[in-house]
Amino acid sequence: MAEGTAVNVGPIILLGPPGAGKGTQAKRIAERYGIPQISTGDILRSNVQRGSELGLQAKAIMARGELVPDDLVCNMVAARLREADCVPGFILDGFPRTAAQAGWLDAFLEHEFFDNLHADKCLPIVIRIDVDYNRLLQRLTGRRTCLANGHIYNVYSQPPRVADVCDVDGSQLVTRNDDREEVIRERLKAYDLQTRPVAEYYQQKGRLVSVNGDLPVEQVTGQMYWVIEHHGAVEGMSPFYGG
Ligand code: ADP
Ligand code: AMP
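Residues numbered from 1 in each chain as written. Chains lettered and ligands numbered in written order. Predicted model: local features only at pLDDT ≥ 70, side-chain atom pairs only at ≥ 80, totals over all residues. Heavy atoms only, no water.

Draft legend 1. View of the sheet that holds strand E4 (residues 125–130). Spatially, E2-E3-E1-E4-E8 is the arrangement adopted by the five strands of the open sheet, whose pairing is parallel. Across the chains shown, the open sheet's two edge strands, defined by having one partner strand only, are strand E2 (37–39) and strand E8 (208–212). On average, each strand axis in the sheet is inclined to that of its neighbour by 25°, with strand direction left out of account. Both E2 and strand E3 (residues 89–93) contribute to a ladder of three bridges, which runs parallel. Within E3, the position partnered with Gln37 by the bridge is Ile91. Sheet strands in contact with helix H8 (residues 217–229) are strand E1 (10–15), E4 and E8, and its direction is about 155° off that of E8. (Pairing = 2+ DSSP bridges. Helix = DSSP H or I, 4+ residues; strand = E, 2+ residues; numbered from the N terminus. Axes fitted to C-alpha atoms, helices over the stretch in contact; angles between N-to-C directions. Contact = heavy atoms within 4.5 Å.)

Encoded structure:
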């Protein structure tokens, strides 16, 4: 398939703990299928940076590694999904993160998105990236992000060619404010308590597919392409390893 060809893939949802590789994979999927990547973390960080009303409400919560309240995040996602570029499909990275957000998203897609935007009614493809818990801390403390466009690097596994400089746009690479060990622990706790039930929510509906996120980036991407292009054949099962 030619890179960037817009395909009606419908909604794709990436689940997985902080550091699993959601952002890394979402960018590659967005490029291949010509659909927008919607990262709630990125949108919230941009609001914090601009000092918007939402940013002011979210700033301290994010700095503590806790989840921003559902109503704020759902309104933000609704506004983004109403934009025309989402009609052929979109990839959500970091949302839904609570069972309430998952229920809200299903209702929004059913009652507003498919109806009003004349989008084809495709059930979301839900992919969970599974990573050994012990790797997450190293992935997060080693993460560096480019200031201009959010390109993602890792000082251990995916270093830039020149230290602290983005290969793609030459901008400075920074460590995210919440990628500090004490905040990471809070974020992993929030994942365990609030986000694990989201995977159960989709599993009960037979929509969850897991991929092995411990592999190198390209191999994880390969599994994702397979899932997306064989959607329907794989719902409810994990074709890559037991579980
Ligand atoms: P998330 O969006 O799930 O928090 P990221 O995509 O930002 O995760 O990835 C977290 C860190 O792990 C980044 O530094 C990224 O470069 C690195 N990373 C992502 N996928 C892999 C992988 N398959 N193997 C090794 N490192 C990875
Ligand atoms: P991320 O970039 O996905 O790691 O998210 C960074 C932070 O943004 C999280 O620790 C939360 O504080 C907040 N956040 C992102 N997405 C959500 C969401 N769906 N619900 C609540 N808070 C979120």
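There is more to say, and it comes next.
Draft legend 2. View of the pattern of salt bridges. According to the stated counting rule, one finds 19 salt bridges in the structure shown. Residue Asp179 is joined to Arg143 by a salt bridge in which the shortest nitrogen-to-oxygen separation is 2.9 Å. A residue pair is termed long-range when its members are at least 10 positions apart, and Asp179 in the loop between strand E7 (173–174) and helix H7 (181–204) and Arg143 in strand E5 (residues 143–146) qualify at 36 residues. Here Asp179 and Arg143 have matching classes, each one buried. (Salt bridge = Lys/Arg side-chain N within 4 Å of Asp/Glu carboxyl O. Buried < 20%, exposed > 50% of the residue type's maximum accessible area, 1.4 Å probe, protein only.)

Draft legend 3. Seen up close, the environment of Asp167. If you trace the backbone, Asp167 turns up in the loop between strand E6 (152–154) and E7. If near-sequence neighbours (up to four positions away) are discounted, Asp167 is found in contact with Tyr153, Pro160, Arg161 and Val162. Within polar-contact distance, the side chain of Asp167 engages the backbone nitrogen of Arg161 at 2.8 Å. (Polar contact = N/O pair within 3.5 Å; in protein donor to acceptor, adjacent residues only side chain to side chain.)

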